[in-house]
Amino acid sequence: MVNGIQAGRGLQDVTAVAMPIPTARLQRAHGIARVAFAAGPSGRGARLTTLYQEGQVKARVPKVYGGPAEAVFINTAGGITGGDRFETAFTVEDGATAVATS
């Protein structure tokens, strides 16, 4: 027998067996980032009160001189595709001044 064919028999005698093809679960990106600011000392500017990040979403809070506080949300997964799940939250309490971008 060579390659499933018995000597003296033709290809018409060979039975094909369908093998199940495993379906792979596609990798998806998940991430959460939360940033919150409250009023700064003496009611001026803002101070960071919450910084939480998980998974492929990151939050950066650069030092700012003379302007409103800033938060930058970053997707480190490289792009968004179907099935990805990202959550961002940006909170600015009364008396604080801040901006967010991505």
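A few points on the structure. Because the structure is a prediction, the values reported are computed rather than measured. (Residues numbered from 1 in each chain as written. Predicted model: local features only at pLDDT ≥ 70, side-chain atom pairs only at ≥ 80, totals over all residues. Heavy atoms only, no water.)

**Remarks on the packing of aromatic side chains**
Given two aromatic rings, one states the distance between the centres and the angle between the planes to describe the pair. Applying the stated criterion across every chain yields a total of 1 aromatic pair. Relative to Phe90, the ring of Phe37 has its centre 6.2 Å away and its plane inclined at 70°; by these criteria the two rings are edge-to-face. Residue Phe37 is located in strand 1 (residues 30–39), and its partner Phe90 is located in strand 5 (residues 85–92); the two are separated by 53 residues in the primary sequence. (Phe/Tyr/Trp six-rings, centres within 6.5 Å; stacked < 30°, edge-to-face > 60°. Helix = DSSP H or I, 4+ residues; strand = E, 2+ residues; numbered from the N terminus.)

**Observations concerning the environment of Val61**
Its place among the elements puts Val61 in the loop between strand 3 (57–60) and strand 4 (69–75). Val61 sits 13 residues away from Leu48 along the chain, and the two C-alpha atoms are 8.6 Å apart. Discounting chain neighbours no more than four positions away, the residues touching Val61 are Val35, Phe37, Leu48, Leu51 and Glu70. (Contact = heavy atoms within 4.5 Å.)

**A look at the pairing of strand 2 (residues 46–55)**
Judged from the 9 bridges that link them, strand 1 and strand 2 form a sheet pairing that is antiparallel. Directly across from Ile32, in strand 2, lies its bridge partner Glu54. Counting the residues between successive antiparallel strands, the hairpin from strand 1 to strand 2 contains 6 residues, one of them, Ser42, with a positive phi of roughly 60°. (Pairing = 2+ DSSP bridges.)

**Some remarks on the nonpolar core**
By size, the foremost hydrophobic cluster in this structure holds 9 residues: Ala33, Val35, Phe37, Val57, Ala59, Ala69, Ala71, Phe73 and Ala98. Of all elements in the fold, only strand 1, strand 3 and strand 4 reach the threshold of two or more residues within this core. The residues touching Ala33, leaving out its near neighbours within four places in the chain, are Tyr52, Gln53, Val57, Lys58, Ala59, Phe73, Glu87, Thr88 and Ala89. (Core = buried A, V, L, I, M, F, W, Y, C linked by side-chain atoms within 4.5 Å. Buried < 20%, exposed > 50% of the residue type's maximum accessible area, 1.4 Å probe, protein only.)

**Details of the pattern of salt bridges**
As enumerated under the stated definition, the model contains 1 salt bridge in all. With a closest N to O distance of 3.3 Å, Arg34 and Glu87 form a salt bridge. Taken as a pair, Arg34 in strand 1 and Glu87 in strand 5 lie far apart in primary sequence, 53 residues in all. (Salt bridge = Lys/Arg side-chain N within 4 Å of Asp/Glu carboxyl O.)

**Quick word on a nonpolar patch on the surface**
Residues Leu48, Leu51 and Val61 make up a contiguous nonpolar surface patch of roughly 220 Å² in combined accessible area. When you line up the elements, Leu48 lands in strand 2. Overall, Leu48 belongs to the partly exposed group, its relative accessible area being 38%. (Patch = residues over 30% accessible without salt bridge, like charges linked within 9 Å, V, L, I, M, F, W, Y side chains within 5 Å. Areas by Shrake-Rupley, 256 points an atom, 1.4 Å probe, with all protein chains shown as cover.)

**Describing the environment of Thr91**
Along the chain, the position of Thr91 falls in strand 5. Thr91 sits in the partly exposed class, given a relative accessible area of 39%. Excluding residues that lie within four positions of it along the chain, Thr91 makes contacts with Val35, Ala36 and Phe37.

Everything listed here is a matter of coordinates, which is why it stays silent on function.
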